[in-house]
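One-letter residues, chain by chain:
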Amino acid sequence: MKLRLLLISLIGCVSLGLLISYTAAQAPKPRLGRLTAEEEAALVPGLAALFTSGEKTDLRITRLAALHVPKGTPPSVFLPSGPFRVQWTGYLKTTEKGEYLIRAEGEGKVVVRFGQAPPLEWKLVKEQSGEPKSIELVKGYNPLTIEYFSLESGAGTLRLWWSSENFVEEPLPPDALFTRGDTESVQQSNLLRSGRQLFAERGCIHCHALPEEERKGSGPSMPELSRTAPNLIQSQERFEPDYLAAWILNPQSLRSHATMPQVLKGTAEEKEQQAVDLAAFLASEATARKESPLNEKLVAEGEKLFETLGCIGCHHTLERTEKDPHDRLSLRSVWLKFRPNQLAEFLKDPHKHYSWSRMPHFKLDATKEIPPLVAYLSKNTDETLPKFKQKGNAERGKKLFAETGCAHCHQLEKKETKPSLLGKPSKMDQGCLSEHPQETKAPDFQFSPAERTALQTFLKRGTESLKQDLPAEFVARQMQSLQCTGCHRRDGKQGKLYKILEEENLTGVPPQPMPTLTWTGEKLRPEWTRKLLEGNIDHKARPWLKSRMPAFPQRAEWLALGLSHEHGFAADENPKPVVNEEQKKIGAKLMEQNGGLYCYQCHAVGDKPAVQPFEAPGINLLDASLRLRYSYYPRWMLDPTRVDPSTKMPRFAPDLKTTTLKEIYDGNARQQFDALWMHIESLSQKKDASP
Ligand code: HEC
Ligand code: HEC
Ligand code: HEC
Ligand code: HEC
Ligand code: HEC
């Protein structure tokens, strides 16, 4: 009896299962290349990359199907270094159905699969180009899987290129790659990584020591771990005490993006007393400000600079009650923070007391730019800060500074003091990670529930990963944290600055397009990028731009390296054609108007200015040879608008193969461009040789 029942119910289950799978099969399947609305809504840019090293796996989203992992570097921050595998999954989105060529380059082995089509496979040898292989792709989303195997040594390099009848070979572009962002593994990876970043950036290790066994890793540690808070060595000369008291009490009330926690404990009145004591210790007397009448002309000039330089991409000066739709940092109370002249001093060198500040260095002109900016900021200020009745006591402040934990993060004397208080954070819902930190002895970082979950997820996984890092992941974190896309375009998205200027636009002229960072890692030679980020290029490549590339010297080296690795290039990888004297001469001729392609029309070369740059000034070609990797150059020359849709550089080879100039190399575009390159390179060699 029992058996029969069981059998019947079993049969029932099976047939129900069949019914379900039958109906699933019957549900209208979108045609090839299409996704359901729900699937499409879940897509995020990039590919999901599952890294495997030994027994361990780690997943992260990468912008590109490319990597460069030097020997001894972990392939992903949560993995040990050593031989590894990667499996990328997602979609390649095309605008046209048809035949495409795919080609791989690098070291190791790679297998590429599009949907059900037979796999494409390459054994990669350094400095040898893989054979292009043909594949039929549908219009729309083509399911893509890439399996990559590193060398035994743990080194790995991969770059994947594609081309078709209609476009020249380029890396699989980041704005055509998509993957599902809603899977559990992707979300877990995002949580882990944001927890790791918060842990490093918020200075947890200034107060919590990590256990010995978690302090080893391969490669250099996470650079953010060396981030220190501003040193307060000259705070007496720099700051106003009223501002400091308000800041210490609640940094987030003065600046939405403040990372300093609230550390004071007690009743509201006790906390205020402690705050004014600390302020008295750090800044003694307030300055009696003489209100000098504002120079309106200077203020207007400052407002203009604030826009054109790009401050407005990261800052606003809205009233405290207004909400900023762009989530920028307020400078509303900055005038009240600094003693007279000290705001100007700050703008002259924002990294002097805080080398890890996210505020970039603009090398502002001390007479033409700083005074108007200061005037503008002084006009757009809150008239008042919270007033405290209590009088501060510097002696008590000094004691509090040591006791409440300020000294763990801030340096006060010339010598570095790094006391370590506590062990590794363990009770995950207490202290700093409690929902009500103000009721504990721990500082209050004002973490959102999402940030708390991220930190808890990270701490559960273990903190070993802090002691190793890879430049490509550093770039992903810092581009976001430093808001590079506040100014720059990237992956088909307009920069914030452009959108803000467009919105504010009163003159009717569209804002100037800013350079794109989509291809930087492949385009620019890392030494140039590093120098640019350090602020060590003494002129602008694009003098016509009103905005300016500011410096991020602390992070320059790793950013330059990481951008390059992200695109699958080693820092010194720059294969070039063999120089040929005959070609150099032809190149010189091609630059000219008569019998050439007239590059001089838009491009200056050294001291020789462009002839008619008007609408479309180009970059000084002397710079071009110092800036660019040769591998990027032909792709740019053959189809500049494909590389950068907003560029005004014309296409000299309308059919992508020949130019209109048939007398030289029968019009062969590649040969003509190579000749031009050799000429351009010889220019910079001459320059290097001159004193
Ligand atoms: C200025 C010093 C300081 C910093 C910085 C700091 N903490 Fe704490 N943390 C404390 C103190 C003090 C306590 C409370 C210890 C007690 O209750 O006795 C604490 C407690 C904790 C606790 C609960 C108790 C435990 O040890 O398990 C966790 C979890 C924690 N902190 C996590 C963090 C994390 C994560 C960060 C970085 C975002 C951080 N802390 C940064 C000082 C600090
Ligand atoms: C890429 C974003 C970015 C740009 C562009 C930028 N800043 Fe900043 N700035 C910041 C950040 C972030 C901070 C806060 C420093 C920190 O905590 O790391 C800051 C801080 C400041 C401060 C000090 C605020 C304080 O409370 O101490 C001033 C003043 C300032 N910026 C002025 C300017 C001016 C003027 C410009 C244009 C010339 C400018 N900034 C451009 C990101 C930017
Ligand atoms: C977890 C580390 C941490 C602790 C603890 C901490 N601060 Fe800070 N503090 C920072 C950081 C980081 C900044 C830079 C602004 C930001 O990102 O919020 C800052 C900024 C400041 C500034 C402004 C300095 C400038 O150059 O603009 C003052 C003053 C200051 N803190 C005082 C204090 C005092 C007093 C205490 C103790 C009551 C304290 N801090 C505790 C991390 C900390
Ligand atoms: C205030 C706006 C602003 C911010 C913020 C900014 N940049 Fe720039 N950047 C520029 C301008 C303007 C140029 C063009 C400089 C030139 O060519 O003269 C530029 C040029 C560059 C270039 C050269 C691009 C090329 O193809 O020639 C790179 C690389 C670059 N920036 C990287 C970064 C990175 C990385 C960050 C963030 C850490 C960043 N930028 C933040 C304004 C900005
Ligand atoms: C009608 C104007 C125009 C002409 C003619 C022109 N270019 Fe350009 N060129 C541009 C513009 C605009 C850019 C992009 C500048 C930017 O990125 O902001 C550019 C960029 C370049 C770059 C990239 C430079 C860099 O450092 O990023 C190279 C290389 C270049 N051009 C070579 C040439 C050569 C060689 C010729 C002659 C065959 C030529 N161009 C003719 C306008 C022109």
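Before any of the text, the structure's been laid out above.
In this text the structure is predicted, and so the values were computed from the model without any measurement. (Residues numbered from 1 in each chain as written. Chains lettered and ligands numbered in written order. Predicted model: local features only at pLDDT ≥ 70, side-chain atom pairs only at ≥ 80, totals over all residues. Heavy atoms only, no water.)

Asker: Can you walk me through the packing of aromatic side chains in this structure?
Answerer: Tallied over the full model, the rule gives 18 aromatic pairs. Arranged with centres 5.8 Å apart and planes meeting at 45°, the rings of F239 and F338 form a pair that is tilted. Of this pair, F239 sits in the loop between α4 (235-238) and α5 (241-249) while F338 is found in the loop between α9 (334-337) and α10 (342-348), placing the two residues 99 residues apart along the sequence. Judged on exposure class, the residue F239 and its partner F338 are both buried. (Phe/Tyr/Trp six-rings, centres within 6.5 Å; stacked < 30°, edge-to-face > 60°. Helix = DSSP H or I, 4+ residues; strand = E, 2+ residues; numbered from the N terminus. Buried < 20%, exposed > 50% of the residue type's maximum accessible area, 1.4 Å probe, protein only.)

Asker: What is the right way to read the coordination of the iron atom of ligand 5 from this model?
Answerer: For a metal bound by four donors in tetrahedral geometry, the ideal donor-metal-donor angle is 109.5 degrees, whereas six donors in octahedral geometry ideally sit at 90 or 180 degrees. Binding of the iron atom of ligand 5 to the protein goes through H603 (NE2) and M649 (SD), at separations of 1.9 to 2.1 Å. Taken together, the six donor atoms surrounding the iron atom of ligand 5 define angles of 87 to 179° at the centre, an arrangement classified as octahedral. Taken together, the positions of H603 in the loop between α20 (581-590) and α21 (621-627) and M649 in the loop between α23 (640-643) and α24 (669-689) put the pair 46 residues apart, joining distant regions of the chain. No difference in accessibility class separates H603 from M649, as the two residues are buried. (Donors = N, O, S within 2.8 Å, 3.2 Å for Na, K, Ca; no water. Tetrahedral: all angles 85-135°; square planar, octahedral: opposite > 155°, others 65-115°.)

Asker: Help me understand the coordination of the iron atom of ligand 2 in this model?
Answerer: The coordination sphere of the iron atom of ligand 2 contains the protein donors H315 (NE2) and M359 (SD), at a distance range of 2.0 to 2.1 Å. Its six donor atoms give the iron atom of ligand 2 angles of 86 to 179° at the centre, a pattern that matches the octahedral case. Residue H315 is found in strand β13 (residues 315-316), and its partner M359 is found in the loop between α10 and α11 (370-379); the two are separated by 44 residues along the sequence.

Asker: What is the right way to look at the packing of helix α8 (residues 296-308) against α11 in this model?
Answerer: Contact geometry of α8 with α11 gives a least axis separation of 7 Å together with a crossing angle of 100°. Regarding the angle of α8 to α11, the classification is roughly perpendicular. The segment α8 lies against α11, with E296, L298, V299, E301, G302, E303, L305 and F306 engaging P371, P372, L373, A375, Y376, L377 and K379. Among the residues making up the contact of α8 with α11, the classes are represented as ten nonpolar, one polar and four charged. (Axes fitted to C-alpha atoms, helices over the stretch in contact; angles between N-to-C directions. Parallel < 35°, antiparallel > 145°, perpendicular 65-115°, else oblique. Contact = heavy atoms within 4.5 Å. Nonpolar A, V, L, I, M, F, W, Y, C, P; charged D, E, K, R; others polar.)

Asker: Is there a simple way to explain helix α15 (residues 471-481) in this structure?
Answerer: Across the eleven residues of α15, nine count as buried, placing the element largely inside the fold. The set of residues buried in α15 consists of P471, A472, E473, F474, V475, R477, Q478, M479 and S481. Where α15 is buried, its residues contact β3 (56-62), α3 (184-201) and α19 (556-566). The first or second residue beyond α15 is Q483, which carries a positive phi of 60°.

Asker: For this particular structure, what's the right way to read the side chain of K523?
Answerer: Counting through the fold element by element, K523 comes out in helix α17 (residues 520-523). The buried charged residue K523 lacks any salt bridge partner; its closest oppositely charged side chain belongs to D644, at an N-O distance of 6.9 Å. (Lys, Arg positive; Asp, Glu negative; His and termini not counted. Salt bridge = Lys/Arg side-chain N within 4 Å of Asp/Glu carboxyl O.)

Asker: Could you clarify how one ought to interpret the pattern of salt bridges in this entry?
Answerer: Close approach of charged atoms allows side chains with opposite charge to pair. Taken as a whole and assessed by the stated rule, the structure comprises 32 salt bridges. Here E566 ties to R63 by a salt bridge, and the two come within 3.2 Å at their closest N and O atoms. With E566 in helix α19 and R63 in the loop between β3 and β4 (67-69), this pair connects stretches of sequence that are 503 residues apart. Salt-bridge contacts for R490 lead to E566; the nearest nitrogen and oxygen are separated by 3.4 Å. Of this pair, R490 sits in the loop between α15 and α16 (496-504) while E566 sits in helix α19, placing them 76 residues apart in sequence.

Asker: When you look at the site of ligand 1 in this model, what are you seeing that I'm missing?
Answerer: Inspection of the region around ligand 1 gives 20 residues, with C204, C207, H208, S426 and C432 positioned closest. Within the backbone of S426, one N or O atom sits 2.6 Å away from an oxygen atom of ligand 1. The backbone of K427 places a nitrogen or oxygen atom 2.7 Å from an oxygen atom of ligand 1. A class-by-class count of the residues in the shell around ligand 1 yields eleven nonpolar, six polar and three charged. (Near = heavy atom within 4 Å. Polar contact = N/O pair within 3.5 Å; in protein donor to acceptor, adjacent residues only side chain to side chain.)

Asker: Before we go on, may I ask you to explain the packing of α3 against helix α14 (residues 449-461) in this structure?
Answerer: Two quantities define a packed helix pair, namely the angle between the helix axes and the distance between the axes. The interhelical angle for the contact between α3 and α14, taken along N-to-C directions, is 90°, at an axis separation of 7 Å. The angle between α3 and α14 falls in the class roughly perpendicular. When α3 is examined against α14, the residues Q188, L191, L192, S194, G195, R196, L198 and F199 are found in contact with a partner set consisting of A450, E451, T453, A454, L455, T457, F458, L459 and R461. Of the residues that constitute the contact of α3 with α14, the class distribution is nine nonpolar, five polar and three charged.

Asker: Looking at this model, I keep getting lost on a negative patch on the surface. Mind explaining?
Answerer: A surface patch of like charges, here negative, comprises E303, E502, E503 and E504. Sort the elements by how many residues they give to the negative patch and α16 lands first, with three residues. Inspection of the secondary structure assignment puts E504 in helix α16. Since its relative accessible area comes to 38%, E504 is described here as partly exposed. (Patch = residues over 30% accessible without salt bridge, like charges linked within 9 Å, V, L, I, M, F, W, Y side chains within 5 Å. Areas by Shrake-Rupley, 256 points an atom, 1.4 Å probe, with all protein chains shown as cover. Charge placed at Lys NZ, Arg CZ, Asp CG, Glu CD.)

Asker: Honestly, the side chain of S164 in this entry has me stumped. Any pointers?
Answerer: Within the secondary structure layout, S164 lies in strand β10 (residues 156-164). Reaching out from S164, the side chain makes a polar contact with the backbone nitrogen of N166 at a distance of 3.0 Å. Among residues more than four places away in sequence, those in contact with S164 are E99 and Y100.

Asker: Looking at this model, I keep getting lost on the site of ligand 2. Mind explaining?
Answerer: Near ligand 2 you find 19 residues, and of these C311, C314, H315, K337 and M359 are the closest. A distance of 2.7 Å separates a nitrogen atom of ligand 2 from a polar side-chain atom of H315. The contact in question runs from an oxygen atom of ligand 2 to an N or O atom on the side chain of S357, over 3.4 Å. Among the secondary structure elements, those contributing two or more residues to the shell around ligand 2 are α9 and α10. Broken down by element, the shell around ligand 2 gets its largest block of residues, three residues, from α10. Residue composition of the shell around ligand 2, by class: 13 nonpolar, three polar and three charged.

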